[in-house]
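# Residue-level structural notes
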There are 2 protein chains.
Amino acid sequence: MVPIPNPSYPSETDLAAMVEGTTTAAQIPFGEYVFRRLRQLSVKSIFGVPGDFNMNLLDHIGSVENLKWVGCCNELNAGYAADGYARFSRTLGVSVVTYGVGELSIMNAIGGSYAEWVPQLVIVGTSPMSKKSAPGQVHHLVPTRDPYAVAPDHHVYEKMVDGICIAKESVEDVNAGVQQVDALIEAILANVRPGYLFLPIDLQDALVDSSRLNIPLKTTAVDSDPAASKQVAENILEKLYNSKNPAIIGDILTDRFHVSHWVRDFVNRTKINNYSTPMGKTVLDETNESYIAEYNGKLSNPGVKETIEASDCVLHFGSYLAETNTGIYSSDFDEDALVLLTPYYVQIGKKLVKGVNFSHVIKHMLELIDISKVPTPVRPVGINTIVNTPSPADISQTFLAAQVEKYLQPNDVVIAETCSFQFAFSDIRLPKNALYFAQAFYLSIGYALPATLGIGVAMKDSGYEGRMILFQGDGSAQMTIQEFATYLRQDIKPTIFLLNNNGYTVERIIHGPNQLYNDIQPDWDWRGIFKTFGDKEGKRHFTKKIATKEELVSTLADEKLAKQTQIQLYEVILDKMDVPWRFSAMQTL
Amino acid sequence: MVPIPNPSYPSETDLAAMVEGTTTAAQIPFGEYVFRRLRQLSVKSIFGVPGDFNMNLLDHIGSVENLKWVGCCNELNAGYAADGYARFSRTLGVSVVTYGVGELSIMNAIGGSYAEWVPQLVIVGTSPMSKKSAPGQVHHLVPTRDPYAVAPDHHVYEKMVDGICIAKESVEDVNAGVQQVDALIEAILANVRPGYLFLPIDLQDALVDSSRLNIPLKTTAVDSDPAASKQVAENILEKLYNSKNPAIIGDILTDRFHVSHWVRDFVNRTKINNYSTPMGKTVLDETNESYIAEYNGKLSNPGVKETIEASDCVLHFGSYLAETNTGIYSSDFDEDALVLLTPYYVQIGKKLVKGVNFSHVIKHMLELIDISKVPTPVRPVGINTIVNTPSPADISQTFLAAQVEKYLQPNDVVIAETCSFQFAFSDIRLPKNALYFAQAFYLSIGYALPATLGIGVAMKDSGYEGRMILFQGDGSAQMTIQEFATYLRQDIKPTIFLLNNNGYTVERIIHGPNQLYNDIQPDWDWRGIFKTFGDKEGKRHFTKKIATKEELVSTLADEKLAKQTQIQLYEVILDKMDVPWRFSAMQTL
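In the annotation of an unreviewed UniProt entry, chain A is listed under the name Phenylpyruvate decarboxylase and assigned to Saccharomycopsis crataegensis. Per UniProt, the comment on chain A under Sequence similarities (unreviewed entry) is "Belongs to the TPP enzyme family."

Right, let's get into the overall build of chain A. The helix and strand tally for chain A stands at 20 helices and 21 strands. Its C-alpha atoms give chain A a radius of gyration of 24 Å, within 12% of the compact-globule value 25 Å for 589 residues. Along the first, second and third principal axes, the C-alpha atoms of chain A reach 70 × 65 × 50 Å. The buried share of chain A, reckoned over its 589 residues, is 68%. Considering only intrachain contacts with a sequence separation of at least 6, the fraction spanning at least 24 residues in chain A is 76%. Here chain A displays about 18,600 Å² of accessible surface, and carbon together with sulfur accounts for 52% of that area.

Structural alignment of chain B on chain A gives an RMSD of 0.0 Å, achieved by rotating through 180° and translating 0.0 Å along the axis. These values place the two chain copies in the arrangement generated by a two-fold rotation axis. Taking C-alpha positions as reference, the residue of chain B nearest the rotation axis is M160 of chain B, located at 2.4 Å. Both copies present the same face, since 100% of the interface residues in chain B are matched by interface residues at the equivalent positions in chain A.

Taken together, the contact between chain B and chain A spans 89 residues of the former and 89 residues of the latter. Of the roughly 7,500 Å² buried at the junction of chain B and chain A (both faces included), carbon and sulfur atoms supply 59%. Linking chain B with chain A are 2 salt bridges. A salt bridge links K131 of chain A to E323 of chain B; its shortest N-O distance comes to 3.8 Å. If you tally residues by element for the side of chain B that touches chain A, the top one is helix α5 (residues 101-115) of chain B, at 8 residues. In terms of residue class, the side of chain B that touches chain A is built from 47 nonpolar, 26 polar and 16 charged.

Let us look at the side chain of Q490 of chain A. Within the secondary structure layout, Q490 of chain A lies in helix α15 (residues 484-490). Apart from the residues lying within four places of it in its own chain, the contact partners of Q490 of chain A are K68, W69, V70, L453, V457 and K460 of chain A.

A word on the environment of L121 of chain B. All names here are of chain B. With respect to the helices, strands and loops of the structure, L121 is situated in strand β5 (residues 120-126). Separated by 26 residues in the primary sequence, L121 and S95 place their C-alpha atoms 6.4 Å from one another. Discounting chain neighbours no more than four positions away, the residues touching L121 are L38, L92, G93, V94, S95, L184, I188, G195 and L197.

The tally for this structure, following the rule as stated, stands at 0 disulfides over all chains. Left unpaired, C72 of chain A is separated from the closest cysteine sulfur, that of C73 of chain A, by 7.2 Å.

Per the UniProt record, the feature "domain: Thiamine pyrophosphate enzyme N-terminal TPP-binding" (unreviewed entry) sits at residues 31-133 of chain A. Along residues 31-133 of chain A, the helical share is 43% and the strand share 20%, with 23 Å between the first and last C-alpha atoms.

For the rest of this paragraph, the subject is the UniProt feature "binding site: Mg(2+)" (unreviewed entry) in chain A. Residues and elements named next belong to chain A. Under the present numbering, the feature "binding site: Mg(2+)" (unreviewed entry) in UniProt falls on D474, N501 and G503. Their sequence span is 30 residues, while the largest C-alpha to C-alpha distance among them is just 6.9 Å; these annotated residues converge on one region. When near neighbours in sequence (up to four residues on either side) are disregarded, D474 contacts L498, L499, N500, N501, N502, G503, I520 and W526. By the element assignment, N501 lies in the loop between β19 (495-500) and α16 (505-510). In this structure N501 touches Q397, S420, D474, L574, D575 and K576, once residues within four positions along its chain are discounted.

Sheets are built from strands that pair by backbone hydrogen bonding, the pairs being arranged parallel or antiparallel. Residues and elements named next belong to chain B. Taken in spatial order, the 6 strands make up an open sheet running β17-β16-β18-β19-β21-β20, and their pairing is parallel. Among the strands making up the open sheet, the edge pair consists of β17 (435-438) and β20 (541-546). Pairs of neighbouring strands in the sheet enclose a mean axial angle of 15°, with direction left out of account. Sheet topology places strand β16 (residues 413-416) next to β17; 4 bridges connect them, and they run parallel. Across the sheet, residue V414 finds its bridge partner in β17, namely Y436.

A few words on unusual backbone geometry. All names here are of chain A. In this structure, R90 is a non-glycine residue whose phi angle is positive, near 70°. Mapped onto the fold, R90 is located in the loop between α4 (75-89) and β4 (93-98). If you check the backbone angles, N384 has positive phi at about 65° while not being a glycine. Within the element layout of this structure, N384 appears in the loop between α11 (358-368) and α12 (397-407).

Glancing now at the domain arrangement of chain A. All names here are of chain A. The domains assigned to chain A are domain 1 (11-214), domain 2 (226-373) and domain 3 (397-586). A C-alpha centroid distance of 31 Å is found between domain 1 and domain 3. Taken together, the 24 residues of domain 1 in the interface contact 31 residues of domain 3. Between domain 1 and domain 3 lies a buried interface of about 2,100 Å² when both sides are counted; carbon and sulfur atoms form 60% of it. In this assembly, domain 1 and domain 3 are joined by 1 salt bridge.

All told, the structure shown has 59 aromatic pairs over all chains when counted by the stated rule. Between the aromatic rings of F425 of chain A and F471 of chain A, the centroid separation amounts to 5.2 Å while the plane-to-plane angle is 65°, which identifies the pairing as edge-to-face. Taken together, the residues F425 of chain A in the loop between β16 (413-416) and β17 (435-438) and F471 of chain A in strand β18 (residues 468-473) connect sequence positions 46 residues apart. With a relative accessible area of 1%, F425 of chain A lands in the buried category. The interplanar angle of 35° and the centroid separation of 4.5 Å between the aromatic rings of F533 of chain A and W524 of chain B together place this pair among those described as tilted.

Residue and element names in this part refer to chain A. Chain-level pLDDT for chain A is 94 on average; 97% of the residues reach the 70-or-more range. A low-confidence stretch, residues 1-12 stays under pLDDT 50, and its non-local contacts, those more than four residues away or across chains, total 28 contacts. Across the assembled chains, the prediction reports ipTM 0.96 with pTM 0.96.

Looking now at the nonpolar core. Counting 226 residues, the largest nonpolar core has Y196 and F266 of chain A together with Y196 and F266 of chain B as its most contacted members. Those residues in contact with Y196 of chain B, other than ones at most four positions away along the chain, are I106, M107, I110, V122, V124, V161, I164, C165, A167, K168, E169 and L184 of chain B. Counting 39 residues, the second-largest nonpolar core is a separate cluster that includes M55, V178, L197 and V208 of chain A.

Parameters at a glance
- Residues numbered from 1 in each chain as written.
- Chains lettered and ligands numbered in written order.
- Predicted model: local features only at pLDDT ≥ 70, side-chain atom pairs only at ≥ 80, totals over all residues.
- Heavy atoms only, no water.
- UniProt positions renumbered as here; feature names shortened; annotations may be inferred.
- Helix = DSSP H or I, 4+ residues; strand = E, 2+ residues; numbered from the N terminus.
- Rg over C-alpha atoms; globule rule 2.2 N^0.38 Å.
- Buried < 20%, exposed > 50% of the residue type's maximum accessible area, 1.4 Å probe, protein only.
- Contact = heavy atoms within 4.5 Å.
- Areas by Shrake-Rupley, 256 points an atom, 1.4 Å probe, with all protein chains shown as cover.
- Least-squares fit on C-alpha atoms with pLDDT ≥ 70 in both.
- Buried area = accessible area lost by both parts, 1.4 Å probe.
- Salt bridge = Lys/Arg side-chain N within 4 Å of Asp/Glu carboxyl O.
- Nonpolar A, V, L, I, M, F, W, Y, C, P; charged D, E, K, R; others polar.
- Disulfide = S-S within 2.5 Å.
- Pairing = 2+ DSSP bridges.
- Axes fitted to C-alpha atoms, helices over the stretch in contact; angles between N-to-C directions.
- Domains from an automatic or database assignment.
- Phe/Tyr/Trp six-rings, centres within 6.5 Å; stacked < 30°, edge-to-face > 60°.
- pLDDT = per-residue confidence, 0-100.
- Core = buried A, V, L, I, M, F, W, Y, C linked by side-chain atoms within 4.5 Å.

Have a look at this one:
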């Protein structure tokens, strides 16, 4: 399990993990089969909450070498954590929840994984097969509307999830079940989106033939028509050779399909001007001299939109044309100039080629490219200046952003909550090999705090050495605050900037700046949280209030604190109406 | 809005509220229409979380007299709070959430309202009509699986909720919308179960004709065939007159259909031996000399099952034959003896009468009964003894239960979380006019803490003077802990017994007593919570650890603390494997 900067994934780790996941026992419990499969795919941590219908399954985690349980405070948080784990580790995130109460609670996290292309396997422990058609109610299971029904519909919850997953399997028999598990995992990995496994409690211990574990799973989408992929690559290159001022956009699905290293390689060899997107930040190396700016339609910094849209050949790798990833559809490209490379199709100008996955096309492009035919790049100058916004507070968001940019180091792992400051990250050029995570389209507040748990666990699982830095709003923090306790339990030590701007600033800008509904309980003792949640003596964390520019600058410059020997929580005081310019501008689009 | 002991609901309050809910303006915004309708039904508080797609709606709360917004820390908690509000106030609970991220987060609370017959209106602010069929993604909205779809399915979330609600309405036009709102509210009230209103953001301010507000809504199920109801009542009375040792069970739906006062009246006039159920606790007056015990099949206290099952005429009012309400279906009644009175049918012995609502039947029974024909009751003796369980901790759950029984006062409002101690309440005889709330069938841990917020707000809204006492487990507390902040914000002052038994004791008994997955972060500073969540100075709450019998007895006897002038939180130390006998016994059924 290796993070983005290292392109050695997946083959080496797969081989190593396959040894760990396999067993010599002829018959193993179904639950163990599932967990061995996951271990083969480099999964080392399982997130979730125990419940009456999943504990037999949980027993089998301990049977698999180097696989562990990470108990979370509630299911929504567990789903967010598993999402974070998947984003960092680039294998599946796995969450285990119980029937009804657990699976309904986790749904919003899975909606987020689906909307943002995160491969998460949700395993729901369900009512036993022995009761599925028996008369009588079962706790956690809603009755049917029909008052005369003798039995409830035990599959009622399974029917709800089609819109938020790529695949689901409901096990009724363990022999068919092992095939269902394999097919489900392959579907999740091929589509990098969540899938559901519904596993009755009385099948979790049932024995299955373990020899199937020796059949390797497909870990990526298969190239069903290599000739077509190659042809598309040739067509794109031809277009590139004939262009005058090409540009590259590195977008989120490049990361999700694990081909960022190929796009970086393509950039390094061609030296074409390249741009990120809000969701695709850190796909590209922002320290590269050919890297220009983040592109986000009309919400780009001054000059960026005009420059890239003047290109006659824009290679948009891994494009995800989501509202918040396109400046709310405010792009204005020449239709003939644009090449969209996506997991299901490639569009070259007006020509749409269906059934081609860009992750195969980019590989052919690297093999086929003749660098001598690529036009010599011309770097734009004087663009991408940062728009300052004033604030009545001593620290403005633009000042904070500038300081954060200086503070960040190579290999840092940065997580930005859905809060107004997330929109400042477009202004922050990240250092080499830094990673950046945010739920920038689904935008469910409360996501980042538990996701940071999952990312932190994944960093530990892979031995990653970089620092971990969370930017967290106050209104969003209260949604999922209890998961700070699990930071202590799992001994992860991020540096947390708790941005206290007195409520829902994002919402104040959108509507009702002074309405009661945009306030929160005003007197949270943010700096007391870790003491209350488990570090009574205060030995495992450090906390400080930062209300002035001087305090901010001196704190960020403190070398002692730059190392992450304990959790650090800085409460940064911001004004309740101060937001990055582009967030205000977004309201007018 | 009057709690159970007072039978004057609904007519008086309806009349008073109707004045408050009506307006003289000819045209009012759609959102205001919705809130005026709710105000007519005695709703005074709306729970929820603001979001991009509901804030226009929220603006209209302030336009209605005596209606207020109760912002919660997250949507699941808001749903639980609205559920609690409905249970206490006996009108609707109302929650407002935003598109996708909010509506998926609240689902588990609504599943609970549905399973436990709680009327909750969930209002979801959705994407604007103007975008519903336009190309392009919208944040919070998952894309479709079809990669070539030009637009997402804006109704994807609406399609998910059929299994957890009694009715739903998706507004597309405000003129039809007002009728939809009225029909939805009537369906919720008639069926006492949750319903969904999906309201696009661009319709929330649109003007509608307010004159419709003068048409009163039906607040209860209509008796569609009064002659049939009367006939059923006569048949039941005939059976009663011919019996030798009748018994009455007062069950949960008696409460939910607001006819507990009639059942109490029936008990008082006939003096028939009467029994509660786990879900129907406080339907009956447990201080009445004719009240015998809680009946729960094989999980009843010694002698109870045999005594009631020997009856030749059991009138089971408002029966809800849920697993946890029937001793996991361990009843053994003479089929001919049993009369089940439910909202959709009445079963007299082997005879099923469909389409009759027991709430109308009971009224006829009261009108028609000839007391002289009712057999003279014989009180059972020597039954319903409490089974003691030992504990390695100084305070056992049985000791605690005995002390709690002494501590409780008339009019107390007691809330028991889904935790092992909930199963001790079957042993606790409640004082006169006490109320008891628990999610005893759906059993979603984390419910009670936010539900207590909703109940507390409802108590304030109705001017109820009784004390409020929450019994909360530690494992369940961490699920929804942030809502303690809203206790401070709303100034509700319950006495909280935080039962610290070091993790998920309920789960330890079911499976894996010493498994890691049944542990939680061990060092929560439970007594520090309110300080951290808003009462920094400690002036608004009192907290104390209770580890010994002496500490428990002296604390509960302290008259100063008996009054609720501030929040009280007692951390009670219990053993991690100590549970009431019936919870262990349940595992063997």
